Amino acid sequence: MIERDEQLLERLQDLDKSLAPDIAWLLRNPCGDTPRADGLRDLGERLSALGEALLKRSDELDRHAAVRLPPEGWIPEAGPPAGRIRAAHYVGRGELRYGPLYLATCGAPCLPFYGKDPTHRIARHPRCTACTSAAASPELVSVRPVRTSGNTHKS
Ligand SMILES: [Zn+2]
């Protein structure tokens, strides 16, 4: 079990409390239409430092979760099979993207139902063809992160 990072959580709580006032201060610049460079720099440095800490922590949690994966990197897809056998997908060393779910190289959400799979139960599942090609690629180092650029929020 991995411990909570209390210091990081405190930094997030501090950001939550101070971000709106900091941005409001930047936007109501009494010296002109352009926000002050020092204010922009302070906020940018703060967000960058926190972003680095969040990415580092995310990597730690991914490494911790990846210990549960079979060494070959193939696990069953999540979700209902809808009358068919679940396919096996390649997640490599894996990155958790949606709670406990791993995303395969093809984008399919997967769960390590068999843990480290010491009895090779994954061999009963047909392998995804897209993942088979990706896993054979010498350029594959890790699972690519999912980009959510298509999501837009209206305010
Ligand atoms: Zn796949």
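Residues numbered from 1 in each chain as written. Predicted model: local features only at pLDDT ≥ 70, side-chain atom pairs only at ≥ 80, totals over all residues.

A. Geometry of the sheet that holds strand E4 (residues 101–103). The three strands lie next to each other as E3-E4-E5, forming an open sheet whose pairing is antiparallel. Edge positions in the open sheet fall to strand E3 (96–98) and strand E5 (109–110), since each of these has one partner strand only. Of the strand pairs in this sheet, E4 and E5 are connected by two bridges, and their pairing is antiparallel. Looking at E5, one finds that Leu103 is bridged to Pro109. (Pairing = 2+ DSSP bridges. Helix = DSSP H or I, 4+ residues; strand = E, 2+ residues; numbered from the N terminus.)

B. Inspection of the environment of Gly94 at higher detail. Secondary-structure assignment places Gly94 in the loop between strand E2 (88–90) and E3. The buried category is assigned to Gly94, around which 24 C-beta atoms lie within 10 Å. Residues Gly94 and Asp62 lie 32 residues apart in sequence; the distance between their C-alpha atoms is 7.2 Å. (Buried ≥ 20, exposed ≤ 12 C-beta atoms within 10 Å, placed from the backbone.)

C. Region of interest: the nonpolar core. Counting 15 residues, the largest nonpolar core has Ile75, Ala88, Val91, Ala104, Cys110 and Cys128 as the members making the most contacts within it. When sequence neighbours within four positions are dropped, the list of residues in contact with Ala104 reads His89, Tyr90, Val91, Cys110, Cys128 and Cys131. (Core = buried A, V, L, I, M, F, W, Y, C linked by C-beta atoms within 7 Å. Contact = placed C-beta atoms within 7 Å.)

D. Region of interest: the packing of helix H1 (residues 6–27) against helix H2 (residues 37–66). Contact pair H1 / H2: the axes reach a minimum separation of 11 Å and the direction vectors enclose 155°. With respect to their mutual orientation, H1 and H2 come out roughly antiparallel. Crossing of H1 over H2 shows left-handed handedness. Seen from H1, the contacting residues are Leu8, Arg11, Leu15, Asp22, Trp25 and Leu26; seen from H2, they are Gly39, Leu40, Leu43, Leu50, Ala53 and Arg57. Classifying every residue of the contact of H1 with H2 by side-chain character gives eight nonpolar, one polar and three charged. (Axes fitted to C-alpha atoms, helices over the stretch in contact; angles between N-to-C directions. Parallel < 35°, antiparallel > 145°, perpendicular 65-115°, else oblique. Left-handed = near helix turned anticlockwise from the far one by under 90°. Nonpolar A, V, L, I, M, F, W, Y, C, P; charged D, E, K, R; others polar.)

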